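This is what each chain is made of:
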Amino acid sequence: MSERIFTFPTYDLAAPILGRQDQFLKLLLSIFPCQVVSRGGTTLTLSGADKDVEELERTLEALVFLAQEGNSITAQQVRLTARFVKEGKIDLLHAMVEDTIAISTRGKAITPKTEGQKEYVDSIRRNTITFGIGPAGTGKTYLSVALAAFYLKNREVDRIILTRPAVEAGEKLGYLPGDLQEKVDPYLRPLYDALNEMIGADQVQRLLLKGTIEVAPLAYMRGRTLERSFVILDEAQNTTPEQMKMFLTRLGNQSKMVINGDKTQIDLPGKVPSGLEEAEKVLNGIPGIYRVYFTDKDVVRHDLVSKIVKAYEEYNKWRDKE
C-alpha cells in the first residue's frame, strides 16, 4: 500500500479534469481502485495498492497535459488516457496530442485520438493508397478529409475528390424526390459535413464551383485519370469488385487515395460480392498500399457506440458458429 499527493497546477485545470460533481474522478476510481481525499479543490491524496496509485497519478498527469494542450476532457478521453497508461503507451499519447493534422474552422486542433487513428494518419502520409477498415465512429472520414484539406492548403495537391457508391441502405433512390444530384446528396452529406468543418461552408461552396473540390457518386469517376488529387472513397464496402477496380485504376501521378469501409455494414443486394473484401485479398503485399484495421477501441463517438459495436461483433461470432 502507498500514499501520494497529487496537486493540480491551478483550479481552472482541476475542475474540468475532475468533472462536474467529480464525475470523471469517479470514473477514474472505477478503473483504478484507490481511495482519494480532495483538499482545497486542487490537491488530492491518493492511497491504495502501489501499482494502482502510480497509474492513477500518471493518468492525472496525462490529463493535465491534455488540458494544457487545449484538449476538451470528456469521459471518453479519460478512459482512453487511462488505457494508454495501463498499457504503458503514454509516450504514444504525447506523440498523438502533438500531431496536429489540421485546425478546424472553430479553431479546434484535429489530432489522432487512438492508436488506430495514429496508424491511419501516418499511413496516409507515407503511402499512396491507404485502406481504412473498421466500424462506424472511428473517425475514418473525418481524419481523411482533415488531411485532404491540409494537403490542399499546402498545395501538395490541386484537388480534393470525395466519392461514395450510391447504394441504398434499405431505401430506394428512385422513390426520393428531385433530380439525380438531389437524390444522391443525402448519401454524400457526411463528406460535406466534414469539409465544412475543415474549410468552412462558404469556402467549400466556392471551391466546389471552381472544381477544386468535387463530391460525387462513384459512377462519376469512370473514364477519368486523377492527377495531383487527394481522393477519398467512403463506404467502400458497398462497391462491387468491378467498381473497386475502376476506382483504383483512376490513380494519377502525385495523387493519394484513401479507401474507407466497414465490412459489417454491406448493403449490396443479394449475393453481390463486396469490392472492399476482394481488394483486401488481391492487393495484399503491394508496396505503397497499406491497410489499417480499426476496432471498437478506436470508436470516438458516444461511449455507447463502442459498446454497440462490440456487442454486434460478439453476436456475429456467435451466429457464425451456429
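Rules and cut-offs
- Residues numbered from 1 in each chain as written.
- Predicted model: local features only at pLDDT ≥ 70, side-chain atom pairs only at ≥ 80, totals over all residues.
- Heavy atoms only, no water.
- Pairing = 2+ DSSP bridges.
- Helix = DSSP H or I, 4+ residues; strand = E, 2+ residues; numbered from the N terminus.
- Axes fitted to C-alpha atoms, helices over the stretch in contact; angles between N-to-C directions.
- Contact = heavy atoms within 4.5 Å.
- Buried < 20%, exposed > 50% of the residue type's maximum accessible area, 1.4 Å probe, protein only.

Novice: So what exactly am I meant to see when it comes to the sheet that holds strand S10 (residues 256–261) here?
Specialist: Whether parallel or antiparallel, the strands of a sheet pair through hydrogen bonds between backbone atoms. In space, the 6 strands of this open sheet follow the order S8-S7-S9-S10-S6-S11, with parallel pairing throughout. In the strand order of this sheet, the two ends are held by strand S8 (213–217) and strand S11 (289–293), each with one partner. Neighbour to neighbour, the strand axes of the sheet diverge by 15° on average, direction disregarded. Judged from the 4 bridges that link them, strand S9 (residues 229–233) and S10 form a sheet pairing that is parallel. Looking across to S10, one finds that phenylalanine 230 is bridged to lysine 256. Sheet strands touched by helix H11 (residues 275–282): strand S6 (129–133), S10 and S11. Its angle to S6, the strand with the most contacts, is close to 125°.

Novice: What should I look at first to understand the sheet that holds strand S1 (residues 2–7) in this one?
Specialist: Strands sit in the order S1-S3-S2 across an open sheet of 3 strands; the sheet is antiparallel. Edge positions in the open sheet fall to S1 and strand S2 (35–39), since each of these has one partner strand only. Averaged over all adjacent pairs, the angle separating strand axes in this sheet is 20°, with direction ignored. Relative to S1, helix H3 (residues 50–68) is tilted by about 10°, and along the sheet it contacts S1, S2 and strand S3 (43–48).

Novice: What exactly am I supposed to notice about unusual backbone geometry here?
Specialist: Its identity as a non-glycine residue notwithstanding, arginine 155 has a phi of 60°, on the positive side. The exposure class assigned to arginine 155 is exposed, which follows from its relative accessible area of 70%. For arginine 228, which is not glycine, the phi torsion reads 40° and is therefore positive. Within the secondary structure, arginine 228 sits in the loop between S8 and S9. Among the residues examined, arginine 228 registers a relative accessible area of 22% and is labelled partly exposed.

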